[in-house]
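Given next are the chains, with one letter for each unit.
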Amino acid sequence: TVQAEVAAANARVAQARTVAEIQEQRVLPLARDTVAAMRAGFTVGMDDFASIILAEHALRNAELTLARARVDWLDAQAQLDRATGRLPHTPSSEE
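Residues numbered from 1 in each chain as written. Predicted model: local features only at pLDDT ≥ 70, side-chain atom pairs only at ≥ 80, totals over all residues. Heavy atoms only, no water.

Caption draft 1: Expanded view of the overall build of the protein. In terms of helices and strands, the protein carries 2 helices and 0 strands. Relative to a compact globule of 95 residues, whose C-alpha radius of gyration would be 12 Å, the protein shows 19 Å and is clearly more extended. Taking the principal axes of the C-alpha coordinates as reference, the protein spans close to 65 × 30 × 15 Å. Burial status across the protein gives 24% buried among its 95 residues. Across the protein, the fraction of contacts at a sequence separation of at least 24, relative to all contacts at a separation of at least 6, is 65%. (Helix = DSSP H or I, 4+ residues; strand = E, 2+ residues; numbered from the N terminus. Rg over C-alpha atoms; globule rule 2.2 N^0.38 Å. Buried < 20%, exposed > 50% of the residue type's maximum accessible area, 1.4 Å probe, protein only. Contact = heavy atoms within 4.5 Å.)

Caption draft 2: View of a nonpolar patch on the surface. Taken together, the side chains of F42, F49 and I53 define a hydrophobic patch exposed on the protein surface, amounting to about 300 Å² of accessible area. Among the secondary structure elements, F42 is positioned in helix α1 (residues 2-43). (Patch = residues over 30% accessible without salt bridge, like charges linked within 9 Å, V, L, I, M, F, W, Y side chains within 5 Å. Areas by Shrake-Rupley, 256 points an atom, 1.4 Å probe, with all protein chains shown as cover. Salt bridge = Lys/Arg side-chain N within 4 Å of Asp/Glu carboxyl O.)

Take a look at the structure:
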């Protein structure tokens, strides 16, 4: 039914938004902090260059995961818009 499709689409939007927010607010800052700590450790001789490379790699993975989460969120929103008959979601200049 249409109601079930709308409810499922709403759930997908909420889940995708949550994943993107967690990635942006928790995972990405932690990855950035890790890179900074590895660089500082390298500077004072506590960490080796490989540690920096691994931390940078983890940061790039976190950035990629965030980008994918945002795409999933937008896709879920488009599915919700389609299910409700709304025009595609376009952020206003106020958002």
